[in-house]
Amino acid sequence: MTDLETRLRATYTAVAEQTSVAPWSELPDTDVVELRPAAVSTRHARVGWWAAAAAFLLLAGAVGVARLRSDPVTAPAGTDRPFAIPMVLPTGFGLVDWSTDETLLPGFGDVPTDAAVASLDYLGPGGEIHVRSTEAFGDPITTPRSDTLSTGLLVHTATDGTTTTLAWVADSGAAVSLSAVGVELDELLTMAEAVWYATPKRFAAATATGGFGSQTFERWQPPGDRFDGSELRLEGSLQDTYSHLSLGFFCCHGFTPGVSSGCFFQTSSDGEGHVLLFGPPSTTTFVVSLPDGSVRRQPAGSPPWFSANTFAMIEVDDPGPDFDAKDIPVSCEVTR
Amino acid sequence: MRRRVWAIMALPSIALIALLVAISDTDGPSDFSTSTQPSGVGVVVGTGDGWTLEFYESSDGCYLLRIDGETTYCQSTHYPPGSSTWKVVQGRGHRIAVLLYGSEEPVTGRWFSSISRAEPLTGYQVRPGMAAFVVDLDDGENPWGIQVVDETGALVAATSFVS
């Protein structure tokens, strides 16, 4: 045994002899004292209040300056769906070029150097259309405008010679520019409403073979009942001249989207009582009068990649052999 | 000694067979043949670098491609307006994409592939109501599709070559 070990043993023995062990209940009562912060002098308290007030004023000032420096129409920077792909086109237009390395965004100021700007170029009868999009950033060139978008905030409309430009900040956070020659403003507004907001990965997939070749790009489960086929799909191709990109549902139904002012419904053709409800983007609830006389209030929702419509799926019990959507009047409750 | 003689004789034979196989595989399976000549007199409706597009009214109105005296099978050209059919034929050192499009009006095209974006294409009028587009593909070029455009510049069809 070494000298160190001898000294350690002696220490442990001494500690053991001075330590008593007993059950908790047998321990002598001890006073419980409330913990209070140490008393501070009145002078110190005053300094604390002044410091808090100064910090509050400093914070309020910083927020105010930030709001003044940035345009209020600018959406929060950063989105995982920064690229805009039109789902409807004016008749006769076709995609001819695409990239993700543009540097300009008409209707906005200088694009940050590290921003990836997607571009889609279309040619048509006597005209051309250019779509540019990227993550929103705080420098739109705002102009007076009378038109509005229901799926984003229009920040710029202008006609320079023969070129008409629309620019908007989408609800998704994307900054989008649409400029065209030989296309009516109404057609551009229709295009601007029905846009697929894609991730960079989806944009690459959609343009991988020049937009040729149909694919299913997105899938989403609308609010409501779940059943076989109760998903909404974004499918088609950027080069399809007939359906282009469309929204598919059930086994094999589909429609080309666009902002609508009314509520609509579509039943499955298999007699299962499956119903797709869709309405304008402001819809919060679909109110459905069911065949049995009851009323169902079904909350509505939009997929993260498409905000021009709201949707829900319901399954009607015992629909009967002649069930049709016209048997279930639907109305939409909208936000004011 | 006898084994060595057989070995010496076998080596050139194996080399000759390998050479013949290599030569015959140069173009892979060919869509061109000297045995598929149509009857009647054809009309050359389009020409390119080493190929011609010919139409044969007497053979039930069919078309074919000809390279160095060899031709493809003569394909029907009876398609209603707005419908189309396409194929990629190969042989004689070429891969050629062909699109037939039913149209009463003159049309042009835009070619899309792994190396081309909206490259202008001539629309050959094979017969009244039938236009054809022919693209001789470069080595390694993957065809994506053809846009068909009318005289006003409006897109009237887009045919995908992507499966």
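Everything numeric in this text was worked out from a predicted model, so none of it was measured.

Colleague: Tell me about the overall build of chain A, residues and numbers included.
Modeller: The helix and strand inventory of chain A stands at 4 helices and 18 strands. For chain A, with 336 residues in total, the buried portion stands at 43%. A fraction of 60% describes how many contacts in chain A between residues 6 or more apart in sequence connect residues 24 or more apart. Summed over its atoms, the accessible surface of chain A is roughly 18600 Å², and 55% of this surface lies on carbon and sulfur atoms.

Colleague: Summarise empty space enclosed by the protein; cite the residues concerned and give the values.
Modeller: Residues and elements named next belong to chain B. One pass over the structure, following the stated rule, counts 1 cavity of 30 Å³ or more. In this structure, the largest cavity encloses a volume near 50 Å³. Looking at the lining of the largest cavity, the elements that each hand over two or more residues are strand E3 (62-67) and strand E6 (84-91).

Colleague: Which residues make up unusual backbone geometry, and what are the values?
Modeller: A positive phi angle is found at Phe250(A), which is not glycine, with a value near 55°. Inspection of the secondary structure puts Phe250(A) in the loop between strand E11 (245-249) and strand E12 (253-255).

Colleague: Quick one: what's the story with the sheet that holds strand E8 (residues 108-113) of chain B, residue by residue and with numbers?
Modeller: Residue and element names in this part refer to chain B. Overall, antiparallel pairing links the 4 strands, which are arranged E9-E8-E12-E13 in an open sheet. Across the chains shown, the open sheet's two edge strands, defined by having one partner strand only, are strand E9 (119-121) and strand E13 (155-160). Between one strand axis and the next, the sheet turns by 25° as a mean value, whatever way the strands run. Pairing of E8 with E9, which is carried by 3 bridges, proceeds in the antiparallel orientation. Residue pairing across strands places Gly109 opposite Leu121, the latter belonging to E9.

Colleague: Residues and numbers for helix H3 (residues 185-193) of chain A, please.
Modeller: Restricting attention to buried positions, one finds in H3(A) the residues Leu188(A), Leu189(A), Met191(A), Ala192(A) and Glu193(A). Elements that come into contact with the buried residues of H3(A) comprise strand E1 (83-86), strand E4 (127-135), strand E5 (152-160), strand E6 (163-170), strand E7 (174-181) and strand E8 (195-198) of chain A.

Colleague: Which residues make up the interface of chain A and chain B, and what values go with them?
Modeller: Listed by partner, the interface residues are 19 residues for chain A and 19 residues for chain B. Summed over both partners, the interface of chain A with chain B comes to about 1400 Å²; 61% of that surface belongs to carbon and sulfur atoms. Among the residues of chain A in contact with chain B, Trp98(A), Phe212(A) and Thr241(A) are the three that bury the most area, contributing 37% of the side total. Across the pair Arg117(B) and Asp97(A) runs a salt bridge, and its minimum N-O distance is 2.6 Å. In terms of residues, the side of chain A that touches chain B owes the most to one element, strand E2 (residues 94-102) of chain A, which gives 5 residues.

Colleague: How would you explain the state of the cysteines if you had to name every residue and give the values?
Modeller: Residue and element names in this part refer to chain A. What the rule picks out here adds up to 3 disulfides over all chains. The disulfide bridge from Cys251 ends at Cys252, spanning 2.3 Å between sulfur atoms. Per residue, the accessibility class of Cys251 equals that of Cys252, and both read exposed. Linked covalently through their sulfurs, Cys263 and Cys332 form a disulfide whose S-S length is 1.3 Å. Taken together, the residues span a long stretch of sequence, with Cys263 in the loop between E12 and strand E13 (264-267) and Cys332 in strand E18 (residues 330-334) at a distance of 69 residues. When its relative accessible area of 21% is taken as the criterion, Cys332 is described as partly exposed.

Colleague: Can you break down the nonpolar core residue by residue, with the values?
Modeller: Ranked by internal contacts, the top residues of the largest apolar core, which has 57 residues, are Trp168(A) and Trp196(A). Apart from residues lying up to four places away in sequence, Trp196(A) is in contact with Arg81(A), Phe83(A), Ala84(A), Ile85(A), Met87(A), Arg202(A), Ala206(A), Phe217(A), Glu218(A), Leu234(A), Leu245(A) and Trp305(A).

Colleague: Explain the pattern of salt bridges to me, and be specific about the residues and the numbers.
Modeller: Residues and elements named next belong to chain A. Under the definition given, this model contains 12 salt bridges over all chains. When the shortest N-O distance is used, the salt bridge between Asp121 and Arg132 registers 3.0 Å. Taken together, the residues Asp121 in strand E3 (residues 117-124) and Arg132 in strand E4 connect sequence positions 11 residues apart. Its relative accessible area of 12% is what places Asp121 among the buried residues. Notably, a salt bridge pairs Glu218 with Arg202, separated by 3.5 Å at the nearest N-O pair. One end of the pair, Glu218, is in strand E9 (residues 215-220); the other, Arg202, is in helix H4 (residues 200-207), with 16 residues separating them in the sequence. Classification of Glu218 as buried rests on a relative accessible area of 2%. Judged by relative accessible area, Arg202 falls into the partly exposed class, the value being 30%. Each member of the salt-bridge network shares a partner with another, and the members are Arg81, Arg202 and Glu218.

Colleague: Help me get a handle on the pairing of strand E1 (residues 43-47) of chain B, residues and values and all.
Modeller: A regular strand carries its side chains on alternate faces of the sheet. All names here are of chain B. Direction of pairing for E1 relative to strand E2 (residues 51-56): antiparallel, over a ladder of 4 bridges. In the sheet register, Thr47 faces E2, and the bridge partner there is Thr52. The antiparallel pairing of E1 with E2 creates a hairpin that spans 3 residues between the two strands, and Gly50 there sits at a positive phi of about 95°.

Colleague: Quick rundown of the layout of surface pockets? Include the residues and the values.
Modeller: Think of a ball as big as a water molecule: rolled over the atoms, this probe shows where empty space is left. Taken as a whole, the largest pocket encloses approximately 270 Å³ of empty space. Lining of the largest pocket is provided by 18 residues; of these, Leu89(A), Pro90(A), Phe93(A), Asp240(A) and Thr241(A) occupy positions nearest its centre. Of the residues contributing to the lining of the largest pocket, the split by class is 9 nonpolar, 8 polar and 1 charged. In terms of lining, the second largest pocket is formed by 15 residues, of which the most central are Gln239(A), Asp240(A), Ala158(B), Thr159(B) and Ser160(B). Among the elements that take part in the lining of the second largest pocket, E13(B) stands out by supplying 4 residues, more than any other. In terms of residue class, the lining of the second largest pocket is built from 5 nonpolar, 9 polar and 1 charged.

Colleague: Now, about the environment of Tyr242(A): what can you tell me, with residues and values included?
Modeller: Residue position: Tyr242(A) is located in the loop between strand E10 (232-236) and E11. Residue Tyr242(A) is classed as exposed on the basis of its relative accessible area of 68%. Counting along the chain gives 10 residues from Tyr242(A) to Cys252(A), while the straight-line C-alpha distance between them is 16 Å. Excluding anything up to four places from it in sequence, Tyr242(A) contacts Gly82(B) and Val156(B).

Colleague: Provide a residue-level description of the sheet that holds strand E11 (residues 130-136) of chain B, including the pertinent values.
Modeller: What holds strands together in a sheet is hydrogen bonding between their backbones, with the strands either parallel or antiparallel. All names here are of chain B. Pairing within the open sheet is antiparallel, and its 4 strands lie in the order E6-E7-E11-E10. Each of the sheet's edge strands pairs with one partner strand only, and the pair in question is E6 and strand E10 (124-127). Taking each pair of neighbouring strands and ignoring which way they run, the sheet shows an average axis angle of 30°. Two strands pair when backbone bridges link them, and E10 and E11 are joined in this way by 3 bridges, in the antiparallel orientation. Directly across from Gln125, in E11, lies its bridge partner Ala131.

Calculation rules
- Residues numbered from 1 in each chain as written.
- Chains lettered and ligands numbered in written order.
- Predicted model: local features only at pLDDT ≥ 70, side-chain atom pairs only at ≥ 80, totals over all residues.
- Heavy atoms only, no water.
- Helix = DSSP H or I, 4+ residues; strand = E, 2+ residues; numbered from the N terminus.
- Buried < 20%, exposed > 50% of the residue type's maximum accessible area, 1.4 Å probe, protein only.
- Contact = heavy atoms within 4.5 Å.
- Areas by Shrake-Rupley, 256 points an atom, 1.4 Å probe, with all protein chains shown as cover.
- 1 Å grid on protein atoms, 1.4 Å probe; cavity = no way out; pocket = protein on both sides within 12 Å on 5 of 7 lines; lining within 4 Å.
- Points joined across faces, edges and corners; volume = space filled by probe spheres on them.
- Pairing = 2+ DSSP bridges.
- Axes fitted to C-alpha atoms, helices over the stretch in contact; angles between N-to-C directions.
- Buried area = accessible area lost by both parts, 1.4 Å probe.
- Salt bridge = Lys/Arg side-chain N within 4 Å of Asp/Glu carboxyl O.
- Disulfide = S-S within 2.5 Å.
- Core = buried A, V, L, I, M, F, W, Y, C linked by side-chain atoms within 4.5 Å.
- Nonpolar A, V, L, I, M, F, W, Y, C, P; charged D, E, K, R; others polar.

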